[in-house]
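So the chains spell out like this:
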Amino acid sequence: MLPPALTLLLLLGCLAAGSGNLSQDESQPTTSDETVAVGGTVVLRCRVEDPDDSSLQWSNPAQQTLYFGEKRALRDNRIQLVKSTPNELTISISNVVLADEGEYTCSIFTMPVRTAKALVTVLGVPQNPQIFGYELPFRETEMARLTCKSSGSKPAAQLRWRKGNKELQGEASEVREDDNGKTFTVTSHVEFPVTKEDNDVEVTCTVDHESLQNLERSTSQKLQVYFKPTATIEPDPPYPREGEELRLQCEVQGNPVPQEFLWTKEGSDVPLHPNTNRVLTLPFLNKSDSGTYTCTATSTMGSVVVKYNLDINDASPMSSSSGTYHAVIGGVVAVIVFLLLSLLIVLAHYLIRHKGTYLTHEAKGSDDAPDADTAIINAEGGQASGDEKKEYFI
């Protein structure tokens, strides 16, 4: 007994035997190859110009009938009918897996039976990359060697490195076939010298693959770099005066941050603090406090020594801005004194000039008098005269 599918195929062939001489081009179905990523949906479309009363059929790579016209032949809910007309049969396959890859066949049962092939290529989507080789913080000047790995790509993916915003040139990628025999694992290595500027910088590995389209899959690793400390001494106030309190703060940078601080004064072997402290306080400055102070900061990466020279021989040191301010005030005072002196000179000159005028007018007319009484009578403005006496007052 023949299988039902073969029986149906023979029956359709017999029905189509009397169709006459159809044009081969008009009854030839057409399809197109498709590419889809794992998990995506692929649409298979088959068209024919002259079906000659025959139905179109889609078969999978295993030659299992998927759809015959509008009739579902395979119980797979991922496969759905999109369109069925005498001239077209379109189906879709969702949640595509790697096993769906292969040649799909569209057939029309004319005499002879005509077919068209559609190659479905399934892309393996690479997994998120992983970075290996970083377990403990690097030390300054050490060579860092990191490894990036991504599995599941088909065809093999490409890996690229970046440190911060700068591209890193990695070694040639290693490609290994996965256990399923269809996808690949890609491995890349990168090596670079570490500097203290790399502390807290992210190194990123990115996987490039056609299945990702415009998406980016990457993994980042933030670096921790141990480096020798550096230090400066900051005085507060910046311009100390005799009698004031002075705080010297040892500002440090380093990884790890120094936790041990030793303050000394040149000429003395005794530490200034019994306990470690980054701040040295001198409560009441006097001239004996002048000298060079040293802060030694220590971490597991080493020690740094920084010095500060304190000179308070001048009891009232001033900052440059203070000196400028006092110079301006002195100039203003000098101008005011000059103006006052000028005003006094003008005023004195005025007084002297008008006093002479008063005396001259008072004695006018007495030059020719024979005696004092006559001089008084003849003097201009005298009481014997009928004219009004004129006097000048300041």
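Residues numbered from 1 in each chain as written. Predicted model: local features only at pLDDT ≥ 70, side-chain atom pairs only at ≥ 80, totals over all residues. Heavy atoms only, no water.

J.: Can you help me understand the environment of S55 in this one?
T.: With respect to the secondary-structure elements, S55 resides in the loop between β2 (42-47) and β3 (56-59). Here the alpha-carbon distance between S55 and F109, two residues 54 residues apart in the chain, equals 7.1 Å. Sequence-distant contacts of S55, that is, excluding residues within four places in its chain, are made with F68, S107, I108 and F109. (Helix = DSSP H or I, 4+ residues; strand = E, 2+ residues; numbered from the N terminus. Contact = heavy atoms within 4.5 Å.)

J.: I tried to follow the sheet that holds strand β17 (residues 202-208) on my own but got confused; where do I start?
T.: Consider a sheet: its strands pair through backbone hydrogen bonds, and that pairing is either parallel or antiparallel. Ordered in space as β14-β13-β17-β18, the four strands form an open sheet in which the pairing is antiparallel. Unpaired on one side and paired on the other, β14 (166-168) and β18 (217-222) mark the two borders of the sheet. Going across the sheet, the axis of each strand differs from the next one's by a mean of 30°, ignoring polarity. Examined bridge by bridge, β17 and β18 share six bridges and lie antiparallel to one another. Paired with E202 across the strands is K222, a residue of β18. (Pairing = 2+ DSSP bridges. Axes fitted to C-alpha atoms, helices over the stretch in contact; angles between N-to-C directions.)

J.: How do you make sense of the nonpolar core when you look at a structure like this?
T.: As a rule of thumb, nonpolar side chains are buried together in soluble globular proteins. Formed by 21 residues in total, the largest nonpolar core has its most connected members in L44 and W58. Elements with a contribution of two residues or more to this core: β2, β3, β4 (65-68), β7 (88-93), β8 (102-108) and β9 (114-123). Residues L168, V203, C205 and L223 belong to the second largest nonpolar core, which totals 20 residues. (Core = buried A, V, L, I, M, F, W, Y, C linked by side-chain atoms within 4.5 Å. Buried < 20%, exposed > 50% of the residue type's maximum accessible area, 1.4 Å probe, protein only.)

J.: Sorry if this is basic, but what is going on with the pattern of salt bridges here?
T.: Pairs can form between side chains of opposite charge whenever their charged atoms are close. One pass over the structure, following the stated rule, counts twelve salt bridges. Its salt-bridge partner being R45, residue E88 comes within 3.7 Å of it at the nearest N-O pair. Taken together, the residues E88 in strand β7 and R45 in strand β2 connect sequence positions 43 residues apart. Taking the relative accessible area as the measure of exposure, E88 reaches 10% and is therefore buried. Taking relative accessible area as the criterion, R45 reaches 35% and is therefore assigned partly exposed. For K83, the salt bridge identified is with E88, shortest N-O distance 3.5 Å. Overall, K83 belongs to the partly exposed group, its relative accessible area being 39%. Bridged by salt links that share partners, the residues R45, R47, K83 and E88 form one connected network. (Salt bridge = Lys/Arg side-chain N within 4 Å of Asp/Glu carboxyl O.)

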